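# Residue-level structure breakdown
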Amino acid sequence: MDDGTVDETVDVAVIGAGIAGLSLARGLIAHGRTVVVFEGRDRIGGRLRSEPVSVGDRTDDDVEPCVDSRIDLGATWFWPGEHRVAQLVREFALPIHEQHLAGDAMYEAPDGVRRLDGNPIDVPSFRFSGGAQELAGRLAADLPHGTLRLSTTVTRISGTGPFTVGHARGEHTARQVVMALSPALAISSIVVEPPLPESIDRVARATPVWMGATTKAVAVFDRPFWRDDGLAGSAISHVGPLREIHDMSGPRGRPAALFGFGRSSGVSPIDRDDVVRQLTALFGPAAADPAELIVVDWRSESLTSPTGVEQLRSYELFGHPVFHSPIDRPLHWSSTETARESPGHIEGALDAAERTLAAILSG
């Protein structure tokens, strides 16, 4: 990786080093194109974010510590039939495991908590045993030195092809440009000159950001105690703060974890004490003492979510035709929100990259 200031000309400038941007860059380079990938964060992966945890040694001498285990604070699953993800899993020999399903689910209503017969909440799916961000890491490892420019936020795109791509470290000239970030974030954070057609601008501004208004809470424990009680670790709540909860434990239950989603609203983040109280009400007193509790409000991630992201609710705009081909210049859209298949999933990001690759190679 090279984060230095360089003024140069490339065939394609890709903005965003999430799964779509990395997959697209890999494909373009394989076809002989010169590529630079700009990423405002100091890491790759975008909404694939995996963090290390180490638990299992606080109270139980019979349980080995979980060293270098990772939990996902962003995207978590992929599903049967998502062939693009499955192909990369096979190619990179990534360890995966099935989502835990066995046991009863819990239901929380204003009038109390009750146990459901079986688990109608979870469906068969797969998880990355080393964390979903490992997929991004393997894609990035295939890119030539100097392709990735981390901590380099693009602020301006001018021209109609070739383009001048401006950022704090300088400028690049690119024959084609790819917005591999959510359309709403791109429109709100990057000045495009001349302005995009109103028909594109309007749709892009209104398109929701997947996970953008979501808070994700992960509680890590020494052991998956809920399984001993015949519980699946899943719950639906009409009380909150978490609206749905799932078992997030690793293979064989290590590391043991529960995670939940809550929709962020207002100016205050979800309260951590409220999360612990809710988990305790649902799963019993053992949930009151997590070894670690991580709460991520994705609204606060300025390189994911534009201001007011919680107001964007028109999910029917996902995969809108305006994103599928350049209208008046070789400026492409390539994020999971623009996908025709599985929008919002990792598979959707790969679908968008595949579509964009074909458009650039045929242009």
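Just so it is clear, the structure is predicted and the values come from calculations on it, not from any experiment.

## Topic: the overall build of the protein chain
A tally of regular secondary structure across the protein chain gives eight helices and 20 strands. Since a compact globule built from 363 residues should have a radius of gyration of about 21 Å, the 21 Å found for the protein chain is in line with a globular shape. If you line up the protein chain on its principal axes, its C-alpha atoms span 60 × 40 × 35 Å. Split into buried and exposed, the 363 residues of the protein chain put 55% on the buried side. The contacts in the protein chain between residues at least 6 apart in sequence include a share of 71% that link residues at least 24 apart. Total accessible area on the protein chain is roughly 15100 Å²; 50% of this is exposed by carbon and sulfur atoms. Between the averaged position of the 34 positive side-chain charges in the protein chain and that of its 49 negative side-chain charges there is a distance of 4 Å.

## Considerations on the pairing of strand S1 (residues 9-15)
With respect to burial, S1 is a largely interior element, six of its seven residues being buried. Pairing analysis gives four bridges linking S1 to strand S2 (residues 35-38), with the strands arranged parallel. Within S2, the position partnered with Val14 by the bridge is Val37. Between the parallel elements S1 and S2, the chain passes through helix H1 (residues 19-30) in a crossover that is right-handed.

## So, the nonpolar core
By size, the foremost hydrophobic cluster in this structure holds 37 residues, and its most contacted members are Ile19, Leu22, Phe128 and Ile346. Those elements giving two or more residues to this core turn out to be S1, H1, S2, helix H2 (83-92), helix H3 (133-141) and helix H8 (346-362). Sequence-distant contacts of Ile19, defined by excluding residues within four places in its chain, comprise Gly45, Leu48, Leu135, Ala136, Leu139, Ile346, Ala349 and Leu350. Counting 27 residues, the second-largest nonpolar core is a separate cluster that includes Ala13, Ile190, Val192 and Val203.

## Comments concerning H1
Helical geometry note: an α-helix holds 3.6 residues per turn, so side chains three or four residues apart project in the same direction. With twelve residues, H1 should cover 16 Å at 1.5 Å per step; its first-to-last C-alpha distance of 16 Å lies within 8% of that length. When you tally the buried positions in H1, you get nine out of twelve residues, the bulk of the element. Of the residues making up H1, those classed as buried are Ile19, Ala20, Gly21, Leu22, Ser23, Leu24, Ala25, Gly27 and Leu28. Downstream of H1 by one or two residues, Gly32 has phi in the positive range, about 85 degrees.

## Some words on the sheet that holds strand S5 (residues 77-78)
Judged by pairing direction, the sheet is antiparallel, and its three strands sit side by side in the order S5-S9-S6 without closing on themselves. Looking at strand neighbours, the two that pair on one side only are S5 and strand S6 (96-98), the edges of this open sheet.

## A word on the environment of Arg313
The topology assignment puts Arg313 in the loop between strand S19 (292-297) and strand S20 (331-333). Taking the C-alpha atoms as reference points, Arg313 and Gln133, separated by 180 residues in sequence, lie 27 Å from one another. Discounting residues that sit within four places of it in the chain, Arg313 has contacts with Pro208 and Arg263.

## Remarks on the sheet that holds strand S15 (residues 214-221)
With mixed pairing, seven strands are arranged side by side in an open sheet as S8-S7-S16-S17-S18-S15-S19. A single partner strand is all that each edge strand has here, and the edge strands are strand S8 (112-115) and S19. Shown here is a sheet whose adjacent strand axes are inclined to one another by a mean of 15 degrees, direction ignored. Both strand S7 (residues 104-109) and strand S16 (residues 231-237) contribute to a ladder of four bridges, which runs parallel. If you follow Met106 over to S16, its bridge partner there is Ala235. Taken strand by strand, helix H7 (residues 272-283) contacts S7, S8, S15, S16, strand S17 (244-247), strand S18 (256-263) and S19, and its axis lies near 120 degrees from that of S16.

What counts, and where the lines are drawn
- Residues numbered from 1 in each chain as written.
- Predicted model: local features only at pLDDT ≥ 70, side-chain atom pairs only at ≥ 80, totals over all residues.
- Heavy atoms only, no water.
- Helix = DSSP H or I, 4+ residues; strand = E, 2+ residues; numbered from the N terminus.
- Rg over C-alpha atoms; globule rule 2.2 N^0.38 Å.
- Buried < 20%, exposed > 50% of the residue type's maximum accessible area, 1.4 Å probe, protein only.
- Contact = heavy atoms within 4.5 Å.
- Areas by Shrake-Rupley, 256 points an atom, 1.4 Å probe, with all protein chains shown as cover.
- Lys, Arg positive; Asp, Glu negative; His and termini not counted.
- Charge placed at Lys NZ, Arg CZ, Asp CG, Glu CD.
- Pairing = 2+ DSSP bridges.
- Right-handed = clockwise from strand over helix to strand, strands pointing away.
- Core = buried A, V, L, I, M, F, W, Y, C linked by side-chain atoms within 4.5 Å.
- Expected span 1.5 Å × (residues − 1).
- Axes fitted to C-alpha atoms, helices over the stretch in contact; angles between N-to-C directions.

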